[in-house]
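Understanding the architecture of this molecule
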4 protein chains.
Amino acid sequence: MHHMSSDMQACIDECLRCYQTCQSMAMNHCLEMVGEHVEKRHFTLMSACAEMCRTSAHMMLIGSEHHKATCRACAEICEACAADCERVGDMQECVDACRRCAESCRKMAA
Amino acid sequence: MHHMSSDMQACIDECLRCYQTCQSMAMNHCLEMVGEHVEKRHFTLMSACAEMCRTSAHMMLIGSEHHKATCRACAEICEACAADCERVGDMQECVDACRRCAESCRKMAA
Amino acid sequence: MHHMSSDMQACIDECLRCYQTCQSMAMNHCLEMVGEHVEKRHFTLMSACAEMCRTSAHMMLIGSEHHKATCRACAEICEACAADCERVGDMQECVDACRRCAESCRKMAA
Amino acid sequence: MHHMSSDMQACIDECLRCYQTCQSMAMNHCLEMVGEHVEKRHFTLMSACAEMCRTSAHMMLIGSEHHKATCRACAEICEACAADCERVGDMQECVDACRRCAESCRKMAA
């Protein structure tokens, strides 16, 4: 919107989708499953990913040239979260959202 | 997602859409238009609306029973923002997003 | 700061202190203790309280007249969080921060 | 708190102080001063800095190992904001908060 490139709008969409998926799965799935799902390492990564995706979207929405720095950090965290969700298992929705978001953020950071 | 009611998912969608519209229009439209668009009263309301919509969506995503309190506050702020955007003019996209979000939040708060 | 009343600055301080305490204790204490500490009800309340305190502080920082609505919601959530932290036990730091924040927010909402 | 190193607690404090200073000065000082203070470039940088500081503090509070990535991005944005506040002038409080936060974040990112 407002002269935003379609690549940037797509990246905002991926970031907000990944934020929703990670935040909702952490609180509504992991907390129910317990076990490895609430291990500090895994749960913290889910929470960090949700927060970073939300902020990365925000930086693009406000039109900051520094979105490259936040997209770079976001791609790194999303990749780590996807890998950890694969390790824990039963988190495919999250793996997919993180991978798509990481790819989109890498393009924006380039 | 994860046993979330369709009404709640719809409200999350409206909140995140209204957040994006208000945040982006404030920074990319109002700051360019200057004049009334950057009056403290108007710009603060746009910013407050964006922040509250983001938080209201968050409360529903984490499955908090307190989303009723935040949806109530969100509906109030969205209505005020819609009215002020009409007063200032040239903000129809924002008026519409705020009205839809307010209506959806009022239902969730009931 | 910038002509902010001392009552409002004090409320911002309480909100940011309560945000830090709830967020840090949820992630660094509750996730280690497991058991009741990671029950969905308790953990969600801690997370909701942290988010609402952060937003309540934000509304006052931007000088929004709608801080009354957010302080009201914040006081309600802080009281509920304090009560639940007492129920679960071993959360006194959180109980205290929530009580102080609730009292300060009630004054601002009046 | 909760076995957090004193360096990390100091960095959280600087981030939250810089967030408060940038957010409050943007909304309560820049919007009143108008002119260069509400130029898109300057106002966006103030907003980006506030958001990034808030998120950087959050990553440390939740105990994420990825705080290094967010502290790195935060230091970069704080330096840019400090430089732009010096250019615009009459923003010394912001310059100082950004410089201190940048220095603290660089140490955490190392």
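Bear in mind the structure is a predicted one, so any value in this text is a computation, not a measurement. (Residues numbered from 1 in each chain as written. Chains lettered and ligands numbered in written order. Predicted model: local features only at pLDDT ≥ 70, side-chain atom pairs only at ≥ 80, totals over all residues. Heavy atoms only, no water.)

Okay, the overall build of chain A next. Check the secondary structure of chain A and you find four helices and zero strands. Put simply, chain A runs from its N terminus to its C terminus through helices and strands in the order α-α-α-α. For chain A, whose C-alpha radius of gyration is 14 Å, the value lies close to the compact-globule estimate of 13 Å for 110 residues. By principal-axis analysis of the C-alpha atoms, chain A measures approximately 45 × 20 × 20 Å. In chain A, buried positions account for 65% of the 110 residues. Accessible area of chain A: about 3,900 Å², with a carbon and sulfur share of 49%. Taken as two groups, the 11 positive and 16 negative side-chain charges of chain A have centres that lie 5 Å from each other. (Helix = DSSP H or I, 4+ residues; strand = E, 2+ residues; numbered from the N terminus. Rg over C-alpha atoms; globule rule 2.2 N^0.38 Å. Buried < 20%, exposed > 50% of the residue type's maximum accessible area, 1.4 Å probe, protein only. Areas by Shrake-Rupley, 256 points an atom, 1.4 Å probe, with all protein chains shown as cover. Lys, Arg positive; Asp, Glu negative; His and termini not counted. Charge placed at Lys NZ, Arg CZ, Asp CG, Glu CD.)

Another aspect to go through is the relation of the copies chain A and chain B. Here the two chain copies are tied together by a rotation about an axis and a shift along that axis. If you rotate chain A by 180° and push it 0.0 Å along the axis, it lands on chain B with an RMSD of 0.0 Å. The symmetry that links the two subunits is that of a two-fold axis. Taking C-alpha positions as reference, the residue of chain A nearest the rotation axis is Leu16(A), located at 4.2 Å. Interface overlap between copies is the fraction of interface residues in one copy that are interface residues in the other; for chain A against chain B it reaches 100%, indicating a shared surface. (Least-squares fit on C-alpha atoms with pLDDT ≥ 70 in both. Contact = heavy atoms within 4.5 Å.)

Now for the interface of chain A and chain B. Interfaces are frequently sized by the accessible area removed from exposure as the parts join. Listed as interface residues are 22 residues of chain A and, on the opposing side, 22 residues of chain B. Roughly 2,000 Å² of surface becomes buried between chain A and chain B when both sides are summed, with 59% attributable to carbon and sulfur atoms. Between the two partners, chain A and chain B, sit zero salt bridges. Counting across the interface, chain A meets chain B through four residue pairs in polar contact (both at pLDDT 80 or more). Among the elements of the structure, helix 1 (6–33) and helix 2 (40–61) of chain A are those that each provide at least two residues to the side of chain A that touches chain B. Here the element with the most residues in the side of chain A that touches chain B is helix 1 of chain A; it accounts for 13 residues. Of the residues contributing to the side of chain A that touches chain B, the split by class is nine nonpolar, 10 polar and three charged. (Buried area = accessible area lost by both parts, 1.4 Å probe. Salt bridge = Lys/Arg side-chain N within 4 Å of Asp/Glu carboxyl O. Polar contact = N/O pair within 3.5 Å; in protein donor to acceptor, adjacent residues only side chain to side chain. Nonpolar A, V, L, I, M, F, W, Y, C, P; charged D, E, K, R; others polar.)

For helix 4 (residues 92–109) of chain C, with 18 residues, the first-to-last C-alpha span of 26 Å sits near the 26 Å given by 1.5 Å per residue. Buried residues in helix 4 of chain C make contact with helix 1 (6–33), helix 2 (40–61) and helix 3 (67–88) of chain C. (Expected span 1.5 Å × (residues − 1).)

With that settled, the discussion passes to the interface of chain A and chain C. Counting residues at the interface gives 11 residues for chain A and 11 residues for chain C. Between chain A and chain C, roughly 970 Å² of surface is buried when both sides are summed, and carbon and sulfur atoms account for 60% of that area. Among the residues chain A hides against chain C, the three largest losses belong to Met27(A), Leu31(A) and Lys40(A). Together they make up 48% of the total. In this structure, the connection of chain A to chain C is made through two salt bridges. Arg54(C) serves as the salt-bridge partner of Glu51(A), at 3.1 Å between the closest nitrogen and oxygen. The interface formed by chain A and chain C holds four residue pairs in polar contact (both at pLDDT 80 or more) in total. Looking at the side of chain A that touches chain C, the elements with two or more residues in it are helix 1 and helix 2 of chain A.

What follows is about the confidence of the model for chain A. Overall, the predicted model of chain A reaches an average pLDDT of 95, with 97% of residues at or above 70. Across the interfaces of the predicted complex, the ipTM metric reaches 0.95, alongside a pTM of 0.97. (pLDDT = per-residue confidence, 0-100.)

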